[in-house]
Amino acid sequence: GSHAGVQQLGCAALRNLAFNDNNKAQIAAEGGIAAVLAAMGAHGSNAGVQEKGCGALWELAFNDNNKAQIAAEGGIAAVLAAMGAHGSHAG
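Reading guide: rules and limits
Residues numbered from 1 in each chain as written. Predicted model: local features only at pLDDT ≥ 70, side-chain atom pairs only at ≥ 80, totals over all residues. Heavy atoms only, no water. Buried < 20%, exposed > 50% of the residue type's maximum accessible area, 1.4 Å probe, protein only. Helix = DSSP H or I, 4+ residues; strand = E, 2+ residues; numbered from the N terminus. Arc of directions from axis to C-beta. Contact = heavy atoms within 4.5 Å. Core = buried A, V, L, I, M, F, W, Y, C linked by side-chain atoms within 4.5 Å.

Explain helix H2 (residues 21-29) to me, please; I cannot follow it from the model alone.
Residues separated by three or four positions in an α-helix point in the same direction, a consequence of the helix having 3.6 residues per turn. Burial in H2 covers these residues: Lys-24, Ile-27 and Ala-28. Each buried residue of H2 lies within a common arc of 95 degrees when the element is viewed along its axis, so the set occupies one face. Those residues of H2 that are exposed and aimed more than 90 degrees away from the buried face are Asn-22 and Ala-29. Looking at the packing, one finds that the buried side of H2 touches helix H1 (4-17), helix H3 (32-42), helix H4 (47-60) and helix H5 (64-72). Gly-31 sits one or two residues past H2 and shows a positive phi near 90 degrees.

Right, dumping it as structure tokens:
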């Protein structure tokens, strides 16, 4: 899973799927949070992956259980790293 374009679209797809409340829990249960964080970690210099990854985490975090899981899996650090690396990116 090292192709940035695939990772970017995967994060975007998960975000769109997560607009459904039931899907939020299923995405987390099936490893979606870890997958988003892995994409962000592997492609820290790619603004598109970071943007879509943050968007997916944003939508997934509307579920309280997911909030805790995102934090436990390093999501806060990932979002802060993305913001730091792409502070001039207006997307």
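How should the nonpolar core be read in this particular structure?
Across soluble globular proteins, nonpolar side chains show a tendency to be buried alongside one another. Judged by nonpolar contacts, the single largest core of 18 residues is most densely connected at Ile-33, Val-36, Leu-37, Met-40, Leu-57, Leu-60 and Ile-70. Elements with a minimum of two residues in this core: H1, H2, H3, H4 and helix H6 (75-85). When residues in this core are grouped by element, the largest group, 5 residues, is from H3. Apart from residues no more than four positions distant in its own chain, Leu-57 is found in contact with Ile-33, Val-36, Leu-37, Met-40, Ile-70 and Val-79.

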